[in-house]
Amino acid sequence: MSKKIQAIRGMNDLLPKDSNLWLAMEGVINKLLISYGYKNIRTPIVEKTETFTRAIGAVTDIVEKEMYTWQDLGGDSLTLRPEGTAGCVRLMIEHNLPREGIQKVFYQGPMFRHERPQKGRYRQFHQVGVEIFGATEAKIDAELIAMTAQLWQRLELKNVTLEVNSLGSNETRKEYRELLYTYFSKHKSELDEDSLRRLEANPLRILDSKNGDMATLIANAPKMIDHLDEDSAKHFAEFTGYLDCLGIRYTVNPRLVRGLDYYNRTVFEWISSDLGAQGTICAGGRYDGLVEQMGGKPTPGVGFAMGLERLMLLISEQSESLTQQAPSLYFVALGEQAQQASMRVCNDIHQELPNVVVINDIGMGSLKSQMKKADKSNTDFALILGEEEINNNQISIKPLKGQGEQQLIALEGIIAHLQEIL
Ligand code: ATP
Ligand code: MG
């Protein structure tokens, strides 16, 4: 026997047993976003490497060490997308969409980062991302938060909290950068290798470090939120004012800078306490300079992305309605006439009861072997068409879960009967 081939480490298959829950979750998300006026867009999974290096920033975890990049046959440097905003901005500019007014869009699909795989952290993972172009008002930042809070409710998530911060304007961030540089320069001996490098290139990134040994040093660093320009401070006050009026609780985390370089003003993260170290389920913020930086006309932007694998881990434990199965039937038929009748009845059920799952047995074995499969199928009822049933124009229905007797009913009454009991 030849050696088995395995998937790439950190890249997962979706197995049949998990597919219903994934689809249910995606359905809830799509429905919600559509109801807030967002339109779905799709960009290629591969883009020119420059799309990401320019958008995300050279001194970030993603660009420094996490991208899947290669040279294609034509000599271009290409990259598997590590996130969705860069491609979305590229699309906006290429198709000139912001010119037509405010753009509210969302996308979904796999992202790729060469990280150390662990629970909630994979090399291929899935995000749903939401972006708005052309709106500077804090009202839209707050609506994003309100919408995600609504989503956690619909997904029945427990124990999620919101952290917010403001990164101010590009100008004040430069001044703040100097402050940070001076502060961390005085404590060079306490910085790890990554942070030493970042000190010169982008000291803000040090705040993003996950190295616990530097926690106190980082906690005592000057805070951006204390050095905001007037307009950004006003914007942040408006933003939190909306959250207060909506009754959405949050904490201001002055060390929240996010892992990508393009953010300004509002940044936020939704964190679940049920996922250990990989607790962030949704993260985003404002990126007013990005479109221009990517070659477009100055256009403000704000958005977020959520990690679907992390949401799945939570939903499978916490959501009662999403984990509920649709009503289901297993159809057992014996003999040629019954086979044909089973096809007709199945058709009728699919037509009249579109939410019901019907598995029509295709093994054509004995009654015993078909019933055995019905018992294993995890469906609610078996419908049975044997010779006797066919001769009397009847059908048997047998509960497969819990109590209840097998019943014999008139064949033409089956739809009405199912409508009543399912
Ligand atoms: P983290 O701090 O967990 O590395 P990040 O700041 O790199 O996250 P973003 O780039 O903001 O994450 O991506 C948004 C969301 O996508 C995250 O909050 C998370 O839910 C999810 N995500 C990011 N990286 C991964 C990954 N490697 N595997 C699974 N989900 C991920
Ligand atoms: Mg990361």
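Right above here is the structure, for reference.
Rules of the game
Residues numbered from 1 in each chain as written. Chains lettered and ligands numbered in written order. Predicted model: local features only at pLDDT ≥ 70, side-chain atom pairs only at ≥ 80, totals over all residues. Heavy atoms only, no water. Helix = DSSP H or I, 4+ residues; strand = E, 2+ residues; numbered from the N terminus. Buried < 20%, exposed > 50% of the residue type's maximum accessible area, 1.4 Å probe, protein only. Lys, Arg positive; Asp, Glu negative; His and termini not counted. Salt bridge = Lys/Arg side-chain N within 4 Å of Asp/Glu carboxyl O. Polar contact = N/O pair within 3.5 Å; in protein donor to acceptor, adjacent residues only side chain to side chain. Contact = heavy atoms within 4.5 Å. Phe/Tyr/Trp six-rings, centres within 6.5 Å; stacked < 30°, edge-to-face > 60°. Lys NZ or Arg CZ within 6 Å of the ring centre and 35° of its normal. Arc of directions from axis to C-beta. Near = heavy atom within 4 Å. Areas by Shrake-Rupley, 256 points an atom, 1.4 Å probe, with all protein chains shown as cover. Nonpolar A, V, L, I, M, F, W, Y, C, P; charged D, E, K, R; others polar.

A. Region of the structure containing the side chain of Arg113. As for its position among the elements, Arg113 is in the loop between strand 5 (103-112) and strand 6 (124-133). Glu115 provides the closest opposite charge to the buried, salt-bridge-free Arg113, at an N-O distance of 4.5 Å. Of the polar contacts made by the side chain of Arg113, one reaches the backbone oxygen of Pro82; its length is 2.8 Å. Not counting chain neighbours up to four residues away, the residues in contact with Arg113 comprise Ile62, Glu66, Tyr68, Pro82, Glu83, Tyr122, Arg123, Phe125 and Gln127.

B. Seen up close, the environment of Asn159. Along the chain, Asn159 falls in the loop between helix 5 (138-154) and strand 7 (160-166). Asn159 gets classed as partly exposed once you look at its relative accessible area, which sits at 45%. Once the C-alpha coordinates of Asn159 and Ser272 are considered, the two residues, 113 residues apart in sequence, prove to be 5.7 Å apart. In contact with Asn159, other than residues within four places in its own chain, are Ile271, Ser272, Ser273 and Asp274. Polar contacts involving the side chain of Asn159 include one to the side chain of Asp274, which spans 3.0 Å.

C. Quick look at the side chain of Thr43. Within the secondary structure layout, Thr43 lies in the loop between strand 1 (39-40) and strand 2 (46-48). Apart from residues lying up to four places away in sequence, Thr43 is in contact with Arg81, Gly87, Cys88, Arg90 and Leu91.

D. Expanded view of the packing of aromatic side chains. This structure, assessed with the given rule, holds seven aromatic pairs. On the basis of an interplanar angle of 65 degrees and a centroid distance of 6.0 Å, the ring pair of Phe133 and Tyr287 is categorised as edge-to-face. Of this pair, Phe133 sits in strand 6 while Tyr287 sits in the loop between strand 10 (280-286) and helix 10 (290-293), and the two are 154 residues apart along the sequence. A ring pair is formed by Tyr262 and Tyr287, whose centres lie 5.6 Å apart and whose planes are at 65 degrees; its orientation type is edge-to-face. Taken together, the residues Tyr262 in the loop between strand 8 (251-252) and strand 9 (264-272) and Tyr287 in the loop between strand 10 and helix 10 connect sequence positions 25 residues apart. We note that Tyr262, like Tyr287, is buried. By way of ring pairs, the aromatic residues Phe133, Tyr262, Tyr263 and Tyr287 are connected into one cluster. Its guanidinium or amino end placed over the ring of Tyr38, Lys104 lies 4.8 Å from that ring's centre, counting from NZ or CZ.

E. Layout of helix 2 (residues 49-56). Those residues of helix 2 that fall on the buried side of the exposure criterion are Thr49, Thr51, Phe52, Ala55 and Ile56. Each buried residue of helix 2 lies within a common arc of 160 degrees when the element is viewed along its axis, so the set occupies one face. Buried-residue contacts for helix 2 involve strand 2, helix 3 (61-66), strand 3 (69-71), strand 4 (77-80), helix 4 (85-94) and helix 10. Of the residues flanking the end of helix 2, it is Gly57, one or two places downstream, whose phi is positive at about 105 degrees.

F. Focus on the site of ligand 1. Residues in close proximity to ligand 1 total 16 residues, the closest being Arg113, Glu115, Arg121, Arg258 and Thr280. Here an oxygen atom of ligand 1 sits 2.8 Å away from a polar atom, N or O, in the side chain of Arg121. Here Arg310 contributes a side-chain N or O atom positioned 3.1 Å from an oxygen atom of ligand 1. Protein chains bury 92% of the 580 Å² of accessible surface belonging to ligand 1 in isolation. Secondary structure elements with two or more residues in the shell around ligand 1: strand 6, strand 10 and strand 11 (301-307). Broken down by element, the shell around ligand 1 gets its largest block of residues, four residues, from strand 10. Of the residues assigned to the shell around ligand 1, the class counts are six nonpolar, four polar and six charged.

Read these as geometric descriptors, not functional statements.
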